[in-house]
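Here is what each chain is made of, one letter per residue.
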Amino acid sequence: MLRLGIDLGGTKTEIIALNADGSECLRRRVATPGSYAGVLDMLATLVAEAEGELGQRGSIGIGTPGAPSAVDGRLKNSNSVCLNGQPLLRDLRARLGRPVTMSNDANCFVLSEATDGAAAGDAVVFGVIIGTGTGAGIAVHGRVLTGANAIAGEWGHNPLPWPGTGELPGAACYCGKHGCIETWVSGPGLRADHQSRSGTTMEPPAIAEAAANGDAAAEESLTRYEDRLARSLAHVINLLDPDTVVLGGGMGNIVRLYDSLPRLWGRYIFSDRVDTRLVPPRYGDSSGVRGAAWLGALDTD
Ligand SMILES: [Zn+2]
């Protein structure tokens, strides 16, 4: 059966069609309309056009930022403001006349990597997206672990573990607390830490490049960052004990993390030996839309 995956974003929406072996047979990207009715029309059109072109009907999965309810897809915290509070999933099921599965972008990311990506075949996978924010999802035996509150994996607003001198109480976070993991390990978190210590404002890729070129202040900032992220992931590993951690998002492009974090996290993990792997995503920016396609397939196969 054809698997259609849709990545519904705040400004762009992408659809892909996957064959059973994961090969891609269609991909299209359009602007996301600004009204709820417009979004419903756009999604119905994308599906109809894809199926018309390919001559077959598909399963449908949708990935979107925010926190969709598994029951009716009502969204909260979505950056597509017109979708918040709307029963998107219920309306789409009626409109398309078939099951539709929806999950957040971090869950789609981890499902993509656990299905045929960097963690293919692994039993327990923790997928992290670290960029301007910090999202994460969990896949167990090739399925997304959603959880009773649909927040499984969301550890970004737990406090930074094993805080040291100078790390308390930590910066104020938009969630209302102080010192959340996200305020330290997100891109803006690294930028703010580097700025407060060195007085220079640099984006994370520039900090990583400067460190590689021997800039002492950048090296110190990156070293502090690595220890904080290692602690944050060690916390997850102690609880979930995943086979693999996949590190996506902009911060996942800092290559030395794949070497440094596994060297650092051992001292915080309650085991004399740590076999958990840390890997970059196989599909990068395509993981969200591919995971959405697998999401729909799981529901109907
Ligand atoms: Zn927070």
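See the structure printed just above.
What comes next is a walk through the structure. The numbers attached to residues start from 1 for each chain and follow its sequence in the written order. With the structure being a predicted model, the display of local features is reserved for residues of pLDDT at least 70 and the display and counting of side-chain atom pairs for 80 or more, all residues being used for whole-chain, interface and lining totals.

## Observations regarding the sheet that holds strand β1 (residues 2-8)
Thought 1: Two strands qualify as a pair provided that DSSP identifies no fewer than 2 bridges between them. Secondary structure is summarised from DSSP: a helix means a run of H or I of at least four residues, a strand means a run of E of at least two, and numbering begins at the N terminus for each. The strand order β3-β2-β1-β4-β5 describes an open sheet built from five strands, whose pairing is mixed. On the outer flanks of this sheet lie β3 (24-31) and β5 (100-104), each paired with one strand and no other. Averaged over neighbouring strand pairs, the angle between their axes works out to 15° when direction is ignored.
Thought 2: The pairing of β1 with strand β2 (residues 12-18) spans six bridges and is classified as antiparallel. Across the sheet, the residue bridging to Leu8 is Thr13, located in β2.
Thought 3: Here the contact rule is simple: place C-beta atoms from the backbone, and any two residues whose C-beta atoms are within 7 Å are in contact. To define axes, lines are fitted to C-alpha atoms, for helices over the stretch in contact only, and angles between the resulting N-to-C directions are given on a 0 to 180 degree scale. Relative to the sheet, helix α2 (residues 88-96) contacts β4 (58-64) and β5, its axis offset from that of β5 by approximately 150°.
Thought 4: On the sheet, helix α3 (residues 105-116) packs against β4 and β5 and is oriented at approximately 105° with respect to β5.

## Thoughts on the pairing of strand β9 (residues 244-248)
Thought 1: Any residue with 12 or fewer other C-beta atoms within 10 Å of its own C-beta is exposed, any with 20 or more is buried, and the rest are partly exposed; the C-beta atoms used are placed from the backbone. The buried fraction of β9 amounts to five of the five residues, a majority that puts the element mostly inside the structure.
Thought 2: Burial along β9 is two-sided: Thr244, Val246 and Gly248 and Val245 and Leu247, pointing in opposite directions, are all buried.
Thought 3: Pairing between strand β6 (residues 124-130) and β9: five bridges, direction parallel. Across the sheet, the residue bridging to Ile129 is Gly248, located in β9.
Thought 4: A clockwise course of the path from the first strand over the helix to the second, judged with the strands pointing away from the viewer, identifies a crossover as right-handed. Between the parallel pair β9 and strand β10 (residues 277-279), the chain is carried across by helix α8 (residues 257-265), and the sense of this crossover is right-handed.

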